[in-house]
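Listed here are the chains, written in short residue letters.
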Amino acid sequence: MLLSSFRGFALSLVFSFAMGSAAQFPLPLNRVEQDTKAEQIRELVSKYCRLDYEGARLDPQAWTKFQSLAWWKTNPDYTQIDVVSHYTVETAPVLTHGKYTITVHYRLLGRFETGIGYTPEAAKSDEDVDYTVTAVNDEWRINDADPNFPHPSRAAMLKWLNDKISTTQDSSAKNLYQEALRLLQAQSGSPFAK
């Protein structure tokens with residue numbers, strides 16, 4: 001009887017220590033939770049990239065569409081616009097120190113730089129952008145992109161250039177936009193173009 005009471009006490013003591021240490025040292029997410037979180041992160045970045053591709057970052061009024069996707073409150077300043085034919089979001093974000101990083105691969109058509117104009121890419125050119133996603137109170141959003149330039153499609157950029165041409169009064173700026181429009185129209189927007 002004394003031996004069985006001692007075993008019961010010892011067993012409850014071991015169980016208590018195990019529960020206490022589990023509270024201090026949380027167990028890592030199981031595989032299903034990790035896969036679900038990774039898919040949520042990928043979907044969040046995909047939504048951001050889709051809006052950017054459609055030209056929303058080029059429209060100051062459209063920034064509200066990004067509010068649930070990014071931690072920054074206003075569209076980050078930029079001096080360059082990377083025009084792309086398509087993009088691919090990696091399937092597996094990398095978790096490091098409580099932050100997820102996911103890479104997006106862009107196929108560049110060319111770059112528009114403020115004060116310089118549009119420069120088409122001579123050959124197929126790729127650009128990788130690393131998006132960092134963090135949570136506050138279990139709400140995940142993008143908190144960084146490197147580099148953080150807009151990545152609109154050819155169609156979105158053509159629209160933006162036409163809008164700039166029709167609203168710009170400065171003749172040198174208008175010429176810059178017209179030349180950019182001419183160069184971009186001469187390019188194929190197909191990702192398979194040589």
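Residues numbered from 1 in each chain as written. Predicted model: local features only at pLDDT ≥ 70, side-chain atom pairs only at ≥ 80, totals over all residues. Heavy atoms only, no water.

Engineer: Explain the overall build of the protein chain to me, please; I cannot follow it from the model alone.
Structural biologist: Helix and strand counts for the protein chain come out as four helices and five strands. Counting from the amino terminus, the protein chain carries its helices and strands in the arrangement α-α-β-β-β-β-β-α-α. Taken across its 194 residues, the protein chain has 37% of its residues classed as buried. In the protein chain, 61% of the contacts between residues at least 6 apart in sequence involve partners at least 24 apart. For the protein chain, the computed accessible surface area is about 12000 Å², with 56% contributed by carbon and sulfur atoms. (Helix = DSSP H or I, 4+ residues; strand = E, 2+ residues; numbered from the N terminus. Buried < 20%, exposed > 50% of the residue type's maximum accessible area, 1.4 Å probe, protein only. Contact = heavy atoms within 4.5 Å. Areas by Shrake-Rupley, 256 points an atom, 1.4 Å probe, with all protein chains shown as cover.)

Engineer: So what exactly am I meant to see when it comes to a negative patch on the surface here?
Structural biologist: Negative charge collects at one region of the surface, where Asp128, Asp130, Asp144 and Asp146 lie side by side. Mapping Asp130 onto the fold places it in strand 4 (residues 117-136). Given the relative accessible area of 34%, Asp130 is considered partly exposed. (Patch = residues over 30% accessible without salt bridge, like charges linked within 9 Å, V, L, I, M, F, W, Y side chains within 5 Å. Salt bridge = Lys/Arg side-chain N within 4 Å of Asp/Glu carboxyl O. Lys, Arg positive; Asp, Glu negative; His and termini not counted. Charge placed at Lys NZ, Arg CZ, Asp CG, Glu CD.)

Engineer: Could you clarify how one ought to interpret the packing of helix 3 (residues 154-167) against helix 4 (residues 171-186) in this entry?
Structural biologist: To describe two helices that pack against each other, one gives the angle between their axes and the distance between the axes. Where helix 3 meets helix 4, the closest approach of the two axes is 9 Å, and the angle between their N-to-C directions is 155°. One element, helix 3, and the other, helix 4, form an angle in the roughly antiparallel class. Judged by the sense of rotation from one axis to the other, the crossing of helix 3 with helix 4 is left-handed. Residue-level contacts link Arg154, Met157, Leu158, Trp160, Leu161, Asn162, Lys164 and Ile165 of helix 3 to Lys174, Tyr177, Gln178, Ala180, Leu181, Leu184 and Gln185 of helix 4. Here the residues of the contact of helix 3 with helix 4 sort into nine nonpolar, three polar and three charged. (Axes fitted to C-alpha atoms, helices over the stretch in contact; angles between N-to-C directions. Parallel < 35°, antiparallel > 145°, perpendicular 65-115°, else oblique. Left-handed = near helix turned anticlockwise from the far one by under 90°. Nonpolar A, V, L, I, M, F, W, Y, C, P; charged D, E, K, R; others polar.)

Engineer: I keep staring at the packing of aromatic side chains and nothing clicks. Help me out?
Structural biologist: Given two aromatic rings, one states the distance between the centres and the angle between the planes to describe the pair. Per the stated rule, a full pass over the model turns up 10 aromatic pairs. When the centroid spacing of 6.3 Å and the interplanar angle of 85° are considered together, the rings of Tyr48 and Trp72 count as edge-to-face. Taken as a pair, Tyr48 in helix 2 (residues 31-53) and Trp72 in the loop between helix 2 and strand 1 (80-89) lie far apart in primary sequence, 24 residues in all. Exposure class is identical for Tyr48 and Trp72. Each is buried. Taking the centre distance of 5.5 Å and the plane angle of 75° together, the rings of Phe112 and Trp160 count as edge-to-face. A residue pair is termed long-range when its members are at least 10 positions apart, and Phe112 in strand 3 (residues 99-113) and Trp160 in helix 3 qualify at 48 residues. Given a relative accessible area of 13%, Trp160 falls into the buried group. Grouped by ring-pair contacts, the aromatic residues Tyr48, Trp63, Phe66, Trp72 and Tyr131 constitute a single cluster. (Phe/Tyr/Trp six-rings, centres within 6.5 Å; stacked < 30°, edge-to-face > 60°.)

Engineer: Would you explain the side chain of Asp52 in this entry?
Structural biologist: Structurally, Asp52 is set in helix 2. Despite its burial, Asp52 pairs with no opposite charge, the nearest such side chain being Arg57 at 4.6 Å. In contact with Asp52, not counting residues within four places along its chain, are Arg57, Phe66, Phe149, Pro150, His151 and Pro152.

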